[in-house]
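Chain by chain, the residues:
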Amino acid sequence: MSGEGAHVEHDHTQWAETSHCRVAAVRHFGAFAVVELIAPRVARRAAPGQFVMVTVPGGAFLLRRPISLFAVHADRISLLIEARGGGSERLTQLDVGDAVDVAGPLGSAFPTEGVRNALLVGGGIGCAPLQYLADALGAAGAHVTAAFGFRDFRSARAAGAFSIERLSVATEDASVGRAGTVINLLAALDVAPGTVVYACGPTPMVAAVQRWTFAEGLRGYVSLEAHMACGTGSCHGCVVDTARGRLRVCAEGPVFRLDEVTA
Amino acid sequence: MSVRADGPDLSVKLGPIALEHPLMDASGTFDLLEYAQRYDGDYFEDFPYAAYVPKTVTAEPRTGNPAPRITETPAGMVNAIGLENPGVHAWIEELPRWARLRQPVVVSIGGNAPEQYAAVVAALEERLAGASAGELPRIEGYELNISCPNVSSGLQIGADPASTREVLAACRQATSRFLLAKLTPNVRDVTEIGAAAVEAGADGLSLVNTLKALVLDAVTLKPFLGNRTGGLCGPAIKPVALRMVAEVAQAFPGTPIVGMGGVMTGLDALEFIACGATAVAVGAANFTAFEAPSRIVQELRDELCAHGFASVDEARGVALQA
């Protein structure tokens, strides 16, 4: 893929002031939860691909947790959270009516303008930002196809949270959908020329999606995960190596061009 | 003791630098331009700290340490950023972008050798000398970071009195501005290093930097951070920091001290003042919420009232009195 086109531009809003939110709804999918928050000032500014920093209630955790926006409807934002450590586990236990502090939206967004055919590729909890993206692309009239890969039955429970018309699933242990990785799904797809690829998932998956995308002569974007302290560009804790040098996932990302990250 | 009708007097003098209140940010934890970009109003107008300490700048650009660079620990976090910065020359180019800041600026400087520190001071002094009014931020002092635990330069300067003396002496020759030496807690006797710094020309001392630490990956049992070791900060280190600030305040009466280490609340800040700090820097708390700086300033005001102090000066050192 050539280097045409700009970097992922920040033409959207970032806003770091704290919103004191109430939980409006919670849905559980095994170790995952979709937590819906009443957050009008976040929802109004948000764009697909952006994230929020969420304070873990109870005071036991110093740092907020970066969580990408799973869906935005009217004055509500939804977060798909996987219980992975003590902090994220506590967040999956939120109940309707609970108070929770969030700051956002933060970071760069997926460029969607002018996209007619989109292929959304997710792995594990990395699928989280792709629902919001699918909603936005669909509303803009794009043809959206999604392919998600999961390790096993347990992690594939996350797929139940999604509402995307053309969604195929693969599991490495063959428990759900096609046996294998998301790359096996991609190989079986009939992809229109000019399709834009949007990827989010673990590093080996991103690397494989990069290879596949370039081999198909396509271009795309990737949303990266990183350990963060501030989420707002101050601490330089969340850097990744890119073609533009070491960049902060929270500030220059989390969305990068697929050809500029060194996965 | 009586509290004035309009509240306690929060102003302090850090050497020659007049501060509206005692709170500033700890270097590397708060980026003014990043905050301004994510704020609805004019962050320059609403800037919460009394002075701004930017992220450490070095003579040459540094890419910093490989990821992962941070991890949370009980009541704290461990980081190994590695003084990532664009180098002093690129850094100077950016200064006009935030010249609008009204508060004084203390520039944090890092390096591996005395001449590297002095080169940064000299470059800044040269630029300041040639600046027109209002063209640059109000740089009124320097904080010599001789205590970063995350740069692999062999011997840590701030752990060695002779090296500390050399860095201070080299910088003292290059500027007449206020000069702070930032001390590491990773030493047997923090006053020994403090003495070396003051003798060689430091106007004040700031402490503590992070405590050198190791965190393992729970699965592999290998060091988690890309740099292997890192620096512990946050509430976990506050008692250590208070003890060291008290030791330094008693050893160097009259020397301005910037106390820091795990300040999360106004009461924490007041405790550092009670241990003899002239001013107090806020570090990890900046990561916990965008509003932490303004909250801590307000809480300090409330705590002074609650404790019956009419001013910050009145509260200073009360923990050290018999």
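Residues numbered from 1 in each chain as written. Chains lettered and ligands numbered in written order. Predicted model: local features only at pLDDT ≥ 70, side-chain atom pairs only at ≥ 80, totals over all residues.

The strands making up a sheet associate through backbone hydrogen bonding, with each pair oriented either parallel or antiparallel. Spatially, the six strands close up into a barrel ordered β1-β2-β5-β4-β3-β6 (chain A), and their pairing is antiparallel. Neighbouring strand axes in the sheet, compared pairwise and without regard to direction, differ in orientation by 45 degrees on average. (Pairing = 2+ DSSP bridges. Helix = DSSP H or I, 4+ residues; strand = E, 2+ residues; numbered from the N terminus. Axes fitted to C-alpha atoms, helices over the stretch in contact; angles between N-to-C directions.)

All names here are of chain A. Taken as a whole, chain A is organised into domain 1 (18-106) and domain 2 (117-257). A straight line from the C-alpha centre of domain 1 to that of domain 2 covers 20 Å. Counting residues at the interface gives 21 residues for domain 1 and 21 residues for domain 2. Going through the elements one at a time, β1 (18-29), β2 (32-38), β3 (51-54), β4 (65-73) and β5 (76-82) are the ones with two or more residues in the side of domain 1 that touches domain 2. In terms of residue count, the dominant contributor to the side of domain 1 that touches domain 2 is β4 (six residues). Of the residues assigned to the side of domain 1 that touches domain 2, the class counts are 15 nonpolar, three polar and three charged. (Domains from an automatic or database assignment. Contact = placed C-beta atoms within 7 Å. Nonpolar A, V, L, I, M, F, W, Y, C, P; charged D, E, K, R; others polar.)

What follows concerns the environment of B:Ala246. All names here are of chain B. Tracing the backbone through its elements, the reader meets Ala246 in helix α6 (residues 238-251). When the 21 C-beta atoms within 10 Å are taken as the criterion, Ala246 is described as buried. In contact with Ala246, not counting residues within four places along its chain, are Cys275, Gly276, Ala319 and Leu320. (Buried ≥ 20, exposed ≤ 12 C-beta atoms within 10 Å, placed from the backbone.)

Residue and element names in this part refer to chain A. Spatially, β10-β9-β8-β7-β11-β12-β15 is the arrangement adopted by the seven strands of the open sheet, whose pairing is mixed. The open sheet is flanked by β10 (178-179) and β15 (255-257), the only strands paired with a single partner. Two strands pair when backbone bridges link them, and strand β7 (residues 117-123) and strand β11 (residues 196-200) are joined in this way by five bridges, in the parallel orientation. Among the inter-strand pairings, Leu119 is bridged to a residue of β11, identified as Val197. Across the face of the sheet, helix α6 (residues 203-215) comes into contact with β7, β8 (143-150), β11 and β12 (219-223) while running at roughly 170 degrees to β11.

Before going further, it helps to spend a moment on the pairing of β4(A). Residue and element names in this part refer to chain A. In terms of burial, β4 is largely enclosed, as eight of its nine residues are buried. Bridge count between β4 and β5: four bridges; the pairing is antiparallel. Residue Ala71 lies in a different strand from β5, and its bridge partner there is Ser78. The antiparallel pairing of β4 with β5 creates a hairpin that spans two residues between the two strands, and Ala74 there sits at a positive phi of about 50 degrees.

Packed helices, taken two at a time, are described by the angle their axes make and the gap between the axes. Residue and element names in this part refer to chain B. Where helix α5 (residues 190-199) contacts α6, the axes come no closer than 9 Å and their chain directions differ by 45 degrees. Taken together, the axes of α5 and α6 lie oblique to each other. Crossing geometry of α5 relative to α6 is assigned as right-handed. Contacts from Val190, Thr191 and Gly194 in α5 reach Met244, Glu247, Val248 and Ala251 in α6. (Parallel < 35°, antiparallel > 145°, perpendicular 65-115°, else oblique. Left-handed = near helix turned anticlockwise from the far one by under 90°.)

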